[in-house]
Amino acid sequence: MSKTIELGVQGMTCASCVGRVERGLKKVEGVEDASVNLATERATVTYDPAVTHPQALIDKVKDVGYEAVIRTLELGVQGMTCANCVGRVERALKKVDGVLAANVNLATERATVTYLPGSVSSGQLKAAIRAAGYDVLEEQSGTSREDQEREAREREVRALRRAVTFSAVFALPLMLIAMVPMLVPAVNDWLMSTFGHGVMRTLNWIMLALALPVQFGPGRRFYRLGWKSLKNLSPDMNALVMIGTSAAFFYSLVATVAPGLFPAGTAHVYYEASGVVITLILLGKYFEAIAKGRSSEAMKKLLSLQAKTARVVRAGQELEIPTDEVLLGDRISVRPGEKIPVDGEVLEGASFVDESMITGEPVPVAKQPGASVVGGTLNQNGTLTFRATKIGADTALAQIIRLVERAQGSKPPIQGLADRVVAVFVPVVLGIAALTFVLWLLLGGPGALSFALVTTVAVLIIACPCAMGLATPTSIMVGTGKAAELGVLFKGGDALEGLQGVRVVALDKTGTLTKGRPELTDFELTAGFAHLEVLRLVASAEDASEHPIARAIVDAARREGLATVKPDAFEAVPGFGLEAQVDGRRVQVGADRYMTRLGLDVSALGAQAARLGDEGKSPLYAAIDGRLAAIIAVADPVKDGSLEAVLALHALGLRVAMITGDHARTAHAIARQLGIDTVLAEVLPSGKSDAVKQLQADGQRVAFVGDGINDAPALAQADVGLAIGTGTDVAVETADVILMSGDLRGVPNAFALSRATLRNIRLNLFWAFAYNVVLIPVAAGALFPAFQLLLSPVLAAAAMGFSSVFVLSNALRLRSFKPPIRPDAVPAPTPAPART
């Protein structure tokens, strides 16, 4: 059957645009008709859904040069309890015409829907969720979504606590009445001798009175949700509990009201199996809700960083206003101990700012006019006035929160296995339960009906898919949240899992391994010259030049507190160096061939020159008044932490490669210094992606680490791209992982956290699957023929609750993850140039 959808199209300007879009859409296989309206900027397309998907239409619109209008909506979904609930909500959303994709996360209780706004509205999406049997968390004006979700979670915890307390008041005496005479023969004998055989019927009525409020009070939630799941032909955990407890309760009710219907001695009651099971399942759900709240602690920390108010200077007056009312360009004053409300550039004042909550680096950063500041960081000891450069959703903190939320709501590939199993799990369990009942009824002997009931209820209760649904998303939530604390942002679950298969880490050199700007690294003098005087004279001679080497020498002089002066005369000697007159002294700087041309012998500095050559540096020489004065080297120095990062990557079993445009000799010198395994030198900026392909040629997965700006093609080519960013620039589109501190030490931390998270997920999935594989046969009575052991439905309920709590507790262990390189390791100071 054909379907018709409306597709918004942007970028059309004339009738020829309309014709091009129409012709393109009609060429898509399965499209029966396409009509495009320029005024409304919409395309109406009739197509065969069995042949084509709306995504193919979107791709075609893009192919012909226009953009299709697509929206992504996040909705809070309440009432989901297990993986089957997730599947049901996803299927309900995907059935809505115009929905391109739907991803539902049990741990965050959110649905992320990508849809065509011309074909479907948010109201229709909400209606689809409600029709599937769940509630939608409606946004309230004046309250943030995070606050609403927190309040909803707190309400759920309170409701479960009340339900557990109410159930326990009735279930505890119910269990005592049912179990004590069975477990303590003396009590049973006393009851019989004192009250006779009629006492058992009296106790049955008492147990009915105790079980009834539990079954149809707190237990009503299982009927409500379970019946909806059966009506939608998608049975879930609630259906299993509903069927199991109802079987036990109503069998017992008949045995109490009309015991004559049963053969003599077989009218047993199992009220404790229904009442206590419901209580234990609710108790497990209560613990689960508490643990879910803890799993989002990292997200709460990020949200708590946002300043509520800002002190804005307008018309010479300081006004305290809500942060969301700050405008671009506003002058904002921040006092010591206050949070910086938005991103900006310092105009006045000096202070140290604690940026650890953004970058993971604990050392406070000095701020002075011209420096950038990040919203959410903490001003420490001075008053700053800065200009707002990014506000609202554009601030670094808002971007970080958005990325973490996206990662927490995503599904890694490993989740696919769990989804496929869960899709058939509950129907299979219902089949096993029915088979168990029939077999025990046929083979159980005199007590066949009782055996059949107990084993069937145990199978239904113990086989809960809750643990399967929570296994992956909770670990992803905690893992990505912990990563954010360490200054590492994973864009999604696929990036987190993608690092697992990586065997080679390729590092860009400039700006990644090195600081990205030349610095004076060596300045050694000959006899008879003073360090500060020679440095002042050389820097003054170089100050007229904009060459990077000249700027490095001038910057080094200024760091030493030296003031340069304008040369009286200056002459560049092409291919050799320069000559200048500074304070009446002749200064000449250049390569060894320049000194030879001047008649100066550089052999006295031969040992130093050889050492610099081995380090990949090109030495320069300085002569003062015709005498050789110093040997100088300027180089792009290695960043603090680069050596530690490479060593840590080796410890993780990874091979490290370096990609650089430098001369091979310089590149190999840095590689020797850092212990890098493979060097690809003299690579043009446009050839970095080809260099990554070269590393991938032998079939190994490669991660590329670059600065995220000029390395975009290489980041996209790599199996996993890691961008060395900063706290102020986190939205790097081509990277899969962003390291906010700009420090390479985040790379091994990202790999180690990825491995820890995937280990955690695998353990959760193993537990969730193994638990069911082992205990369903036990619940069905597989041990009874050999060991006379049957699993009580009460124990089955306790085990089911424990399985979910185990998965959540295991995921929470990631909060104590210890990175290979601690973020509080203080970087070693950069060594000053050597003096003689």
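What counts as what
Residues numbered from 1 in each chain as written. Predicted model: local features only at pLDDT ≥ 70, side-chain atom pairs only at ≥ 80, totals over all residues. Heavy atoms only, no water. UniProt positions renumbered as here; feature names shortened; annotations may be inferred. Helix = DSSP H or I, 4+ residues; strand = E, 2+ residues; numbered from the N terminus. Buried < 20%, exposed > 50% of the residue type's maximum accessible area, 1.4 Å probe, protein only. Pairing = 2+ DSSP bridges. Axes fitted to C-alpha atoms, helices over the stretch in contact; angles between N-to-C directions. Salt bridge = Lys/Arg side-chain N within 4 Å of Asp/Glu carboxyl O. Expected span 1.5 Å × (residues − 1). Contact = heavy atoms within 4.5 Å. Polar contact = N/O pair within 3.5 Å; in protein donor to acceptor, adjacent residues only side chain to side chain. Phe/Tyr/Trp six-rings, centres within 6.5 Å; stacked < 30°, edge-to-face > 60°. Lys NZ or Arg CZ within 6 Å of the ring centre and 35° of its normal. Core = buried A, V, L, I, M, F, W, Y, C linked by side-chain atoms within 4.5 Å. Parallel < 35°, antiparallel > 145°, perpendicular 65-115°, else oblique. Left-handed = near helix turned anticlockwise from the far one by under 90°.

## Thoughts on the UniProt feature "transmembrane region" (unreviewed entry) in the chain
Inference 1: With numbering aligned to this structure, UniProt lists the feature "transmembrane region" (unreviewed entry) at residues 163-187, 199-218, 239-262, 268-287, 421-443, 449-472, 765-784 and 790-812.
Inference 2: Secondary structure within residues 268-287 divides into 85% helix and 0% strand; the distance between the first and last C-alpha atoms comes to 33 Å.
Inference 3: Within residues 790-812, the helical portion is 87% and the strand portion 0%, while the C-alpha atoms at the span's ends are 34 Å from each other.

## A closer look at the pairing of strand 20 (residues 519-525)
Inference 1: Counting buried positions along strand 20 gives six out of seven residues, so the element sits mostly inside the fold.
Inference 2: Judged from the six bridges that link them, strand 20 and strand 25 (residues 627-635) form a sheet pairing that is antiparallel. Paired with Glu 519 across the two strands is Ala 635, which belongs to strand 25.

## Quick word on the sheet that holds strand 29 (residues 720-724)
Inference 1: Ordered in space as 18-30-29-28-19-26-27, the seven strands form an open sheet in which the pairing is mixed. The sheet terminates laterally at strand 18 (488-490) and strand 27 (678-680), the two strands that pair on one side only. This sheet shows a mean twist of 20° between the axes of neighbouring strands, independent of strand direction.
Inference 2: By the bridge criterion, five bridges tie strand 19 (residues 502-508) to strand 28 (residues 701-706) in an arrangement that is parallel. When the sheet's bridge partners are listed, Leu 507 is paired in strand 28 with Val 705.

## Quick look at the pattern of salt bridges
Side-chain pairs of opposite charge can arise whenever the charged atoms involved come near each other.
Inference 1: Scanning the model with the defined rule gives 24 salt bridges in all.
Inference 2: Here Arg 311 makes a salt bridge to Glu 338, at a shortest N to O gap of 2.7 Å. Here the residue Arg 311 occupies a position in strand 9 (residues 309-314), and Glu 338 occupies one in the loop between strand 11 (331-334) and strand 12 (343-348), the gap between them amounting to 27 residues.
Inference 3: Close ionic contact of Glu 533 with Arg 585 constitutes a salt bridge, the shortest N to O distance being 3.7 Å. A residue pair is termed long-range when its members are at least 10 positions apart, and Glu 533 in helix 19 (residues 531-542) and Arg 585 in strand 23 (residues 585-590) qualify at 52 residues.
Inference 4: Glu 533 gets classed as partly exposed once you look at its relative accessible area, which sits at 29%.
Inference 5: Within this structure, Glu 533, Arg 536, Asp 583, Arg 585 and Asp 625 form a network of salt bridges that share partners.

## Brief notes about helix 1 (residues 15-26)
Inference 1: The end-to-end C-alpha distance of helix 1 is 17 Å, a good match for the 16 Å that 12 residues give at a rise of 1.5 Å each.
Inference 2: Residues Cys 17, Val 18, Gly 19, Val 21, Gly 24 and Leu 25 constitute the buried set of helix 1.

## Re unusual backbone geometry
Inference 1: In the Ramachandran plot, Glu 682 falls in the positive-phi region, its phi being about 55° despite a non-glycine side chain.
Inference 2: Checked against the element boundaries, Glu 682 lands in the loop between strand 27 and helix 25 (688-696).

## Comments concerning the side chain of Glu 272
Inference 1: Looking at where Glu 272 falls in the secondary structure, it is placed in helix 10 (residues 271-295).
Inference 2: Overall, Glu 272 belongs to the buried group, its relative accessible area being 11%.
Inference 3: Not counting residues up to four positions away in its chain, the partners in contact with Glu 272 are Leu 174, Met 175, Ala 178, Met 179, Val 277 and Val 794.

## Examining the environment of Asn 810
Inference 1: Inspection of the secondary structure puts Asn 810 in helix 29 (residues 793-812).
Inference 2: Judged by its relative accessible area of 5%, Asn 810 is buried.
Inference 3: Through-space distance from the C-alpha of Asn 810 to that of Asn 764 is 7.3 Å; in sequence the pair is 46 residues apart.
Inference 4: Leaving out residues up to four positions away in the same chain, Asn 810 has contacts with Asn 760, Leu 763 and Asn 764.
Inference 5: Only 2.8 Å separates the side chain of Asn 810 from the side chain of Asn 764, close enough to count as a polar contact.

## Section: the packing of aromatic side chains
Inference 1: Counted according to the given criterion, the structure contains 12 aromatic pairs.
Inference 2: Ring centres 5.3 Å apart and planes at 85° place the aromatic pair Phe 249 and Phe 250 in the edge-to-face group.
Inference 3: Pairwise contacts between aromatic rings join Phe 216, Tyr 223, Phe 249, Phe 250 and Tyr 271 into one cluster.
Inference 4: Sitting over the face of the ring of Phe 576, Arg 593 holds its NZ or CZ atom 5.9 Å from the ring centroid.
Inference 5: Sitting over the face of the ring of Phe 576, Arg 597 holds its NZ or CZ atom 4.6 Å from the ring centroid.

## Points about the pairing of strand 7 (residues 110-115)
Inference 1: Pairing analysis gives six bridges linking strand 5 (residues 71-78) to strand 7, with the strands arranged antiparallel. Bridge pairing in strand 7 places Gly 76 opposite Arg 110.
Inference 2: Judged from the six bridges that link them, strand 6 (residues 99-105) and strand 7 form a sheet pairing that is antiparallel. The residue of strand 7 that forms the bridge with Val 104 is Ala 111.
Inference 3: Linking two consecutive strands that pair antiparallel, namely strand 6 and strand 7, is a turn of four residues; a positive phi of about 55° is found at Glu 109 within it.

## Comments concerning the sheet that holds strand 9
Inference 1: As summarised here, the arrangement of the six strands in space is 10-9-11-17-12-15, forming an open sheet in which the pairing is antiparallel. At either margin of the open sheet sits one strand with a lone partner, and together these are strand 10 (317-322) and strand 15 (372-373).
Inference 2: Here strand 9 runs beside strand 11; their pairing, made up of three bridges, is antiparallel. Bridge pairing in strand 11 places Val 312 opposite Ile 332.

## Some words on the environment of Val 602
Inference 1: For Val 602, the location among the structural elements is in the loop between helix 21 (592-597) and helix 22 (606-614).
Inference 2: Taking relative accessible area as the criterion, Val 602 reaches 17% and is therefore assigned buried.
Inference 3: It is 10.0 Å that separates the C-alpha atoms of Val 602 and Ala 629, two residues lying 27 residues apart in sequence.
Inference 4: For Val 602, the contacting residues outside a window of four places in its chain are Met 595, Tyr 621 and Leu 628.

## Observations concerning the nonpolar core
The nonpolar side chains of a soluble globular protein tend to be buried, and buried together.
Inference 1: Core analysis: the largest hydrophobic core is formed by 121 residues, its most contacted members being Leu 93, Leu 125 and Phe 490.
Inference 2: Counting residues per element, this core draws most heavily on helix 27 (residues 746-779), which supplies 14 residues.
Inference 3: Those residues in contact with Leu 125, other than ones at most four positions away along the chain, are Leu 73, Leu 75, Leu 93, Val 96, Val 99, Val 113, Tyr 115 and Val 120.
Inference 4: By size, the runner-up hydrophobic cluster in this structure holds 28 residues, among which are Leu 535, Leu 537, Ile 553 and Val 582.

## With respect to the packing of helix 15 (residues 448-462) against helix 27
Inference 1: As a packed pair, helix 15 and helix 27 sit with axes 8 Å apart at the nearest point and diverge in direction by 165°. Judged by the angle between their axes, helix 15 and helix 27 are roughly antiparallel. Crossing handedness for the pair helix 15 and helix 27: right-handed. Note on element contacts: helix 27 touches helix 15 through Tyr 771, Asn 772, Leu 775, Ile 776 and Ala 779, opposite Thr 455, Ala 458, Val 459 and Ile 462.

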